[in-house]
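This is what each chain is made of:
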Amino acid sequence: MKSRLCILLAALWWGSLTGLGFVVVPMLFKFLGSPAEAGAMAAKLFTAQTWLSIACTFLLLLVFNKNKASALSPSAQAAMKYVVAGLLLAVLVEFGVAPRIVSARAEGGNLQLWHGLGSAMYLGQWLAAGWTLWRLSRSTKDGAA
């Protein structure tokens, strides 16, 4: 049961990152009236995504913590590192990079640098979530997560 919950949380985390970053935001920029309007909406959606990522990663860590480290499968033990990395990336983007994007846009700073850094960190979080899902889905074959 715990392994299914972990897989569900990892799937929600990875799927929401995928849907937002590779489908929803590009559609905003394609179909909304202006890039400024699309950017403002994308920023709100990315904030919501950050909180969803934080919730999923905290719940994953809680489930992992309920099990003794020695009782975790090797796949689940490996996944824990990626969960922590993804959590850190989500928090860094939201509270470190996103405010700099806003100030660069308002004050004429280096928007390209901050946007590129934020995009790279989002991609890193997406990879961490995907790797977590991959490892946890393998753990059901290995035994309990």
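Now for a description of the structure that goes with this document. Computed from a predicted model, the values in this text were never measured in an experiment.

Thoughts on helix H3 (residues 74-107)
Given 3.6 residues to a turn, an α-helix orients residues that are three or four positions apart in the same direction.
Phase 1 of the analysis: Relative to the 50 Å expected for 34 residues at 1.5 Å per residue, H3 spans 49 Å between its end C-alpha atoms, a close match to the ideal helical length.
Phase 2 of the analysis: At Val93, H3 shows its strongest bend, of approximately 35°.
Phase 3 of the analysis: Among the residues trailing H3, Gly108 stands out with phi positive, at a value near 80°.

Let's talk about the environment of Leu20
Phase 1 of the analysis: Relative to the helices and strands, Leu20 is located in helix H1 (residues 2-31).
Phase 2 of the analysis: Each C-alpha atom, one on Leu20 and one on Ala42, is 8.8 Å from the other, the two residues being 22 residues apart in sequence.

Considering the nonpolar core
Phase 1 of the analysis: One finds Cys6, Trp13, Leu17, Leu60, Phe64, Val83 and Leu136 to be the most contacted residues of the largest nonpolar core, which totals 22 residues.
Phase 2 of the analysis: Where this core is concerned, the elements lending two or more residues are H1, helix H2 (35-66), H3 and helix H4 (111-142).
Phase 3 of the analysis: Ranked by residue count, the leading element in this core is H1, at eight residues.
Phase 4 of the analysis: Excluding its chain neighbours within four sequence positions, the residues that come into contact with Leu17 are Phe22, Gln49, Ser53, Tyr122, Gln125, Trp126 and Ala129.

Some words on the side chain of Glu94
Phase 1 of the analysis: Here Glu94 shows up in helix H3.
Phase 2 of the analysis: Despite being buried, Glu94 has no salt bridge partner; Arg100 is the closest side chain of opposite charge, sitting 12 Å away.
Phase 3 of the analysis: For Glu94, the contacting residues outside a window of four places in its chain are Phe46, Thr47, Thr50 and Pro99.

What counts, and at which threshold
Residues numbered from 1 in each chain as written. Predicted model: local features only at pLDDT ≥ 70, side-chain atom pairs only at ≥ 80, totals over all residues. Heavy atoms only, no water. Helix = DSSP H or I, 4+ residues; strand = E, 2+ residues; numbered from the N terminus. Expected span 1.5 Å × (residues − 1). Bend = angle between axes of the 7 residues up to and from the residue. Core = buried A, V, L, I, M, F, W, Y, C linked by side-chain atoms within 4.5 Å. Buried < 20%, exposed > 50% of the residue type's maximum accessible area, 1.4 Å probe, protein only. Contact = heavy atoms within 4.5 Å. Lys, Arg positive; Asp, Glu negative; His and termini not counted. Salt bridge = Lys/Arg side-chain N within 4 Å of Asp/Glu carboxyl O.

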